[in-house]
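Residue strings, one per chain:
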Amino acid sequence: MTDFASITPRLAEQAIELPSWAFGNSGTRFKVFGTPGTPRTPQEKIADAAQVNKFTALSPTVALHIPWDKVDDYAALRDYAQSLGVDLGTINSNTFQDDDYKFGSLTHVDPKIRQKAIDHHFECIDIMNQTGSRDLKIWLADGTNYPGQGDIRGRQDRLADSLQKIYARIGDEQRLVLEYKFFEPAFYHTDVPDWGTSYVQVLALGDKAMVCLDTGHHAPGTNIEFIVAQLLRLGKLGSFDFNSRFYADDDLIVGAADPFQLFRILYEVIRGGGYGADSGVAFMLDQCHNVEDKIPGQIRSVLNVQEMTARALLVDGEALTAAQDAGDVLGANGILMDAFYTDVRPALAEWRESRGLDGDPFAAYAASGYQAKIAADRVGGTQAGWGA
Ligand code: PSV
Ligand code: MN
Ligand code: MN
């Protein structure tokens, strides 16, 4: 197996973008539980995200969601973020909370509503120009509930047309990333249900359009690492939304439900050249913390990604290829499993300390007093939440 010291330069390259919405209250259709200290403004969400980076050095950027994170002055918001040691990242559009979008947004049969959704994306691109963001991420709730409800082929054509118009505004240094999800809120068909649909749509747009893979957006049993390998092969894997699922789009802490799956995904990312700042593959979290504290939830998440990345980097690639080529089925499997079963936590703690960080970021945050301070300070106002 590769030794830990040799992988630390690669670990130092790791950057995982945090979603602003992870810091707000969220829940299910049954109940949204509030947490003392929950941010009331985009600035407070960014301040909380900066805490995650302060203790882990893993999360230098924060993704915004428009209009949830709408402000008057985005340049000032960027300055504020930078003053806290982080930067603004991906801009996420939102075409799923307006009555006009009941029967679709970019796919809607009414050209006026399609144009409204396209204009919203133009606004997002204007914001990207002020925040210096590279990626516009589009996730669509568009779809139908009943067979016959809509013309699924016509909707695909309208989607292509709408995306074309948005793509035409994407700057030279910017990208459009199209996320897929197999169901919910539409239950019969979704207009971008799978990686193949996202792929054909972005392929038609051009080089600056890529696929976003959200780990929670697949049917049970899907081999996600195969999709990773295929998209990297095709040069179209733009970004990840990391989270965990047990049942559907649970948005739980990445690596919590199935660390082995996360390891397998990260192994394919590294093997396929998708790891590191120059790879063009962005790592993001897309999570909600319904019952746990949000900042520790995000700290645990980035540490889970770091731990599984370290294990994936430990795989002895040469020995694995040799075993594969020799048809040594169990030998090859054993090489992968040896890396997966390695507890990298002590080595990571030591490495963190050598970089001036606390060896246990989770405990260091708990001891910092920040949680009690925000609970005391943030009284009054409306707490920000998913959909606020
Ligand atoms: C809805 O499924 C969703 O979780 C998508 O994954 C988006 O990335 C996210 O919301 C934010 O829009
Ligand atoms: Mn997502
Ligand atoms: Mn989702």
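Residues numbered from 1 in each chain as written. Chains lettered and ligands numbered in written order. Predicted model: local features only at pLDDT ≥ 70, side-chain atom pairs only at ≥ 80, totals over all residues.

Chemist: Break down the overall build of the protein for me, citing the residues and quoting the values.
Modeler: The number of helices and strands found in the protein is 14 helices and 10 strands. Taken against the 2.2 N^0.38 rule, which gives 21 Å for 388 residues, the C-alpha radius of gyration of the protein at 21 Å falls within 12% of a compact globule. Projecting the C-alpha coordinates of the protein onto the three principal axes gives extents of approximately 60 × 60 × 40 Å. Residue burial in the protein is summarised as follows: out of 388 residues, 45% are buried. In the protein, the proportion of contacts linking residues at least 24 apart, taken out of those at least 6 apart, comes to 78%. (Helix = DSSP H or I, 4+ residues; strand = E, 2+ residues; numbered from the N terminus. Rg over C-alpha atoms; globule rule 2.2 N^0.38 Å. Buried ≥ 20, exposed ≤ 12 C-beta atoms within 10 Å, placed from the backbone. Contact = placed C-beta atoms within 7 Å.)

Chemist: Can you lay out helix H4 (residues 111–131) for me, pointing to particular residues and giving the numbers?
Modeler: In a regular helix each residue adds 1.5 Å, so 21 residues correspond to 30 Å; H4 covers 30 Å between its end C-alpha atoms and thus fits that length. Residues of H4 that are buried include every one of Ile113, Arg114, Ala117, Ile118, His121, Cys124, Ile127 and Met128, and no others. Down the axis of H4, the sector holding all buried residues measures 160°, keeping them to one side. Among the exposed residues of H4, those pointing more than 90 degrees away from its buried face are Pro111, Lys112 and Asp119. Elements that come into contact with the buried residues of H4 comprise helix H3 (74–83), strand E3 (87–92), strand E4 (135–138) and helix H5 (152–167). One or two residues past the end of H4 sits Gly132, with phi positive at roughly 80°. (Expected span 1.5 Å × (residues − 1). Arc of directions from axis to C-beta.)

Chemist: So, the nonpolar core: which residues are in play, and what are the values?
Modeler: Nonpolar side chains tend to gather and get buried jointly when the protein is soluble and globular. Counting 90 residues, the largest nonpolar core has Val62, Leu178, Val211 and Leu213 as its most contacted members. Of all the elements, helix H9 (residues 294–313) adds the most residues to this core, at nine residues. (Core = buried A, V, L, I, M, F, W, Y, C linked by C-beta atoms within 7 Å.)

Chemist: Can you lay out the site of ligand 1 for me, pointing to particular residues and giving the numbers?
Modeler: Around ligand 1 sit Asn92, Trp139, Glu179, Lys181, Asp214, Asp241, Asp249 and Asp286, and those are all the residues in its vicinity. Here the residues of the shell around ligand 1 are counted per class, giving one nonpolar, one polar and six charged. (Near = placed C-beta within 6 Å. Nonpolar A, V, L, I, M, F, W, Y, C, P; charged D, E, K, R; others polar.)

Chemist: Requested: an account of unusual backbone geometry, with residues and values cited.
Modeler: Across the junction of Ile66 and Pro67, the peptide omega takes the value 15°, indicating a cis bond. By the element assignment, Pro67 lies in the loop between strand E2 (61–65) and H3. The step from Glu184 to Pro185 runs through a cis peptide bond, and the omega angle for that step is 5°. Tracing the chain through its elements places Pro185 in the loop between strand E6 (175–179) and strand E7 (189–190). In the Ramachandran plot, Ala57 falls in the positive-phi region, its phi being about 55° despite a non-glycine side chain. On the secondary structure map, Ala57 appears in the loop between helix H2 (42–56) and E2. The partly exposed category is assigned to Ala57, around which 19 C-beta atoms lie within 10 Å. A positive phi is found at Asp251, a non-glycine position, where the angle reads about 55°. Turning to its location among the elements, Asp251 is positioned in the loop between strand E9 (237–242) and helix H8 (259–271).

Chemist: Break down the packing of helix H10 (residues 317–325) against helix H11 (residues 329–340) for me, with residues and values.
Modeler: At a minimum axis distance of 8 Å, the contact between H10 and H11 shows a crossing angle of 160°. Judged by the angle between their axes, H10 and H11 are roughly antiparallel. In the packing of H10 onto H11, the handedness of the crossing is left-handed. In this structure, H10 contributes Ala319, Leu320, Ala323 and Gln324 to the contact, and H11 contributes Gly331, Ala332, Ile335 and Leu336. Of the residues belonging to the contact of H10 with H11, the class tally is six nonpolar, two polar and no charged. (Axes fitted to C-alpha atoms, helices over the stretch in contact; angles between N-to-C directions. Parallel < 35°, antiparallel > 145°, perpendicular 65-115°, else oblique. Left-handed = near helix turned anticlockwise from the far one by under 90°.)

Chemist: Would you mind going over the pairing of strand E1 (residues 16–19) in detail, with residue names and values included?
Modeler: Along any regular strand, the residues point their side chains to alternate faces of the sheet. With burial as the criterion, each face of E1 is covered, one bearing Ile16 and Leu18 and the other bearing Glu17 and Pro19. Looking at chain direction, E1 and strand E10 (residues 282–285) are connected through two bridges and run parallel. The partner of Glu17 across the bridge, within E10, is Met284. Bridge count for E1 against E2 is two bridges, and the pairing is parallel. If you follow Leu18 over to E2, its bridge partner there is Val62. For the handedness criterion, the β-α-β arrangement of E1, H2 and E2 is classed as right-handed. (Pairing = 2+ DSSP bridges. Right-handed = clockwise from strand over helix to strand, strands pointing away.)

Chemist: Describe the sheet that holds E2, and please don't skip the residues or the numbers.
Modeler: Pairing is parallel around the closed barrel formed by eight strands, whose spatial order is E1-E2-E3-E4-E6-E8-E9-E10. Averaged over all neighbouring strand pairs, the angle between strand axes comes to 30°, with direction disregarded. Both E2 and E3 contribute to a ladder of four bridges, which runs parallel. Note that in E3 the partner of Val62 across the bridge is Leu88.

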